[in-house]
Amino acid sequence: MVNLNGLGLSGKPKPVMPKTRPSNAVVATVNGHKIIKKEVDRYLSDRTKGKVKNFDLIPKKQQIALVKEVSLPLLLAEGAEKGLSKMEKEAVLSNAWMQKSAAETEIPDEEIKMAYEKIKAQAKARSALQQIPPYKAVKDRIKMQIVEQKVVGELMRGAEVRVEPSSDTIAGYVGMLALSIDDVNQALKMMTRGKMTWENIPQQEKKRVLQRIAPNKLVAMAAENGLSKKERETALSNYWMQKSISKVEVSDKEVKKRYEKIKKLAKKSKSKKKFPPLSEIEKSLKMQIAQEKFVDSLAKKAKIKLK
């Protein structure tokens, strides 16, 4: 028998529509994490400015490339979770929360200006030759310091600091927050360059040590509760990526090759702008190449499976 499927009444072949999956279908897995079709469809539409909107309609090679791009935030978050220490995570999230608090807190210009003049006077008192940066250059930094002082002051208000002498694991408490001996020793390692531990600090000094550590621990706890999952992942991923990129080696030859390539493209486009010398953009090119190498390495190590 002759298979007549695909033929119209006129005897002409019907156009075969490619099969596409529903938007909630799993189209790939990356290190075991599911990638949903609507996610890659949306990304594909954005990348092609709406010209292509269906992941199932692009070649397999492009599908793999697209999944690699879509999964980059996931791979960064995974890498940060495994590659950062507890102290690093606390510091990064605390800083992110402080920046968020600064953006949401109104500090009058007069208060910032007053703080600047106080810093300026103190600096001059220490050294008449010391150069003080102009107000505009340090305004945001001073605002952050004011916000930090206010936030820490609010967190510490009413929080009693006390030593716990009868525990082998807890050094003490700040309000209801327990400070473990391990956490305190990590902080002391930084503060004293490894010279002191909780065990060899005189008893009368222990409360003072906890008072120094307490603000950072309270801010870390506030950051944990005050940042969304996405904000936490973004902050940790960005830090881990920058830390990793700084270890990537880029040769002078690679930088020169990239420079000549960009220069050639600029000349081809007949741009009227004067092309900068290598010395002016060498640092940014090196960073760009290092980032590309890091992202490529991350994607190559990932276990990507199309469904």
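Position numbers for residues start from 1 in each chain and track the written sequence from start to end. With pLDDT at 70 or above as the cut-off, local features in this predicted model cover only qualifying residues; side-chain atom pairs require 80 or more to be listed or tallied, and sums for whole chains, interfaces and linings still use all residues. Excluded from the side-chain calculation are hydrogens and water; included are all heavy atoms of the structure.

Looking at this structure, how should I read the overall build of the chain?
To qualify as a helix, a DSSP run of H or I must reach at least 4 residues; to qualify as a strand, a run of E must reach at least 2; elements of each kind are numbered from the N terminus. Helix and strand content of the chain: 11 helices and 6 strands. Put simply, the radius of gyration uses C-alpha atoms, and a globule should come to 2.2 Å times the residue count raised to 0.38. The C-alpha atoms of the chain give 28 Å as radius of gyration, which overshoots the globular expectation for 307 residues (19 Å, by more than 25%). Seen through its C-alpha atoms, the chain measures out along the principal axes to roughly 100 × 60 × 40 Å. The burial tally for the chain puts 32% of its 307 residues in the buried class. Whether two residues are in contact is decided by their heavy atoms: any pair within 4.5 Å suffices. Within the chain, contacts between residues at least 6 apart in sequence are counted, and of these 61% link residues at least 24 apart. Between the centroid of the 65 positive side chains of the chain and the centroid of its 36 negative side chains there is a distance of 10 Å. Only protein chains enter the calculation, and the probe is 1.4 Å; a residue is then buried if its accessible area is under 20% of its type maximum, exposed if over 50%, and partly exposed in between. By the counting scheme adopted, Arg and Lys are positive, Glu and Asp are negative, and His together with the chain ends is not counted. Here the site of a charge means NZ on Lys, CZ on Arg, CG on Asp, or CD on Glu.

I would appreciate a short explanation of the sheet that holds strand 2 (residues 33–36) in the present structure.
In sheet architecture, strand pairing relies on hydrogen bonds along the backbone and comes in two forms, parallel and antiparallel. We treat two strands as partners when DSSP finds at least two bridges between them. As summarised here, the arrangement of the 3 strands in space is 2-1-6, forming an open sheet in which the pairing is antiparallel. Looking at which strands have only one partner, the edges of the open sheet turn out to be strand 2 and strand 6 (304–306). Ignoring strand direction, the axes of neighbouring strands in this sheet form an average angle of 25°. Pairing of strand 1 (residues 26–30) with strand 2, which is carried by 4 bridges, proceeds in the antiparallel orientation. Fitted lines through C-alpha atoms give the axes, limited to the stretch in contact for helices. The angle between two N-to-C directions lies from 0 to 180 degrees.

What's the story with unusual backbone geometry in this structure? I'm lost.
What you tend to see is this: most non-glycine residues have negative phi, and most peptide bonds are trans. With a phi angle near 55°, K49 is a residue other than glycine that sits in the positive phi range. Looking at the secondary structure, you find K49 in the loop between helix 1 (37–47) and helix 2 (60–70). Note on K49: relative accessible area 77%, which makes it exposed. Despite not being glycine, R193 has its phi angle at roughly 55°, a positive value. Among the secondary structure elements, R193 is positioned in the loop between helix 7 (181–192) and helix 8 (203–226).

Help me understand the packing of aromatic side chains, please; the structure alone is not making it clear to me.
Two measures describe an aromatic ring pair: the distance that separates the ring centres and the angle between the ring planes. Two rings belonging to Phe, Tyr or Trp (six-membered ring only in the last case) form a pair when the distance between their centres is within 6.5 Å. Interplanar angles under 30 degrees mark stacking, angles over 60 mark edge-to-face geometry, and anything in between is tilted. In the structure shown here, the tally under the stated rule is 3 aromatic pairs. Relative to Y135, the ring of Y116 lies with its centre 5.3 Å away and its plane at 65°, an arrangement referred to as edge-to-face. Here Y116, found in helix 5 (residues 109–126), pairs with Y135, found in helix 6 (residues 135–156); they are 19 residues apart in sequence, far enough to count as distant. By the burial criterion, Y116 is buried, and Y135 matches it. Ring centres of Y259 and F275 lie 5.4 Å apart, and the angle between their planes is 50°; this geometry places the pair in the tilted category. Of the two residues, Y259 is situated in helix 10 (residues 252–268) and F275 in the loop between helix 10 and helix 11 (278–301); the sequence distance between them amounts to 16 residues. Classification of Y259 as buried rests on a relative accessible area of 7%. On the basis of relative accessible area, F275 is assigned to the partly exposed category, the value being 26%. Geometrically, a lysine NZ or arginine CZ counts as sitting over a ring once it is within 6 Å of the ring centre and also within 35 degrees of the ring normal. Geometry around Y135 places K113 over its ring, the cationic atom sitting 4.6 Å from the centre.

Looking at this model, I keep getting lost on the pairing of strand 1. Mind explaining?
For a regular strand, side-chain orientation follows a simple rule: the groups alternate between the two sheet faces. Taking burial as the measure, the 5 residues of strand 1 include 4 buried ones, the bulk of the element. Hairpin connection from strand 1 to strand 2: 2 residues lie between these consecutive antiparallel strands, with N31 at a positive phi of about 50°. For strand 1 and strand 6, the ladder comprises 3 bridges, and the chain directions are antiparallel. In the sheet register, A28 faces strand 6, and the bridge partner there is L306.

For this particular structure, what's the right way to read the pairing of strand 4 (residues 170–174)?
Among the 5 residues in strand 4, 4 count as buried, and that is most of the element. Sheet topology places strand 3 (residues 161–163) next to strand 4; 3 bridges connect them, and they run antiparallel. When the sheet's bridge partners are listed, R162 is paired in strand 4 with Y173. In the sheet, strand 4 pairs with strand 5 (residues 177–180) via 4 bridges, with the strands oriented antiparallel. Across the sheet, residue Y173 finds its bridge partner in strand 5, namely A178. Between strand 4 and strand 5, which pair antiparallel in sequence order, lie 2 residues; one of them, G175, sits at a positive phi of approximately 65°.

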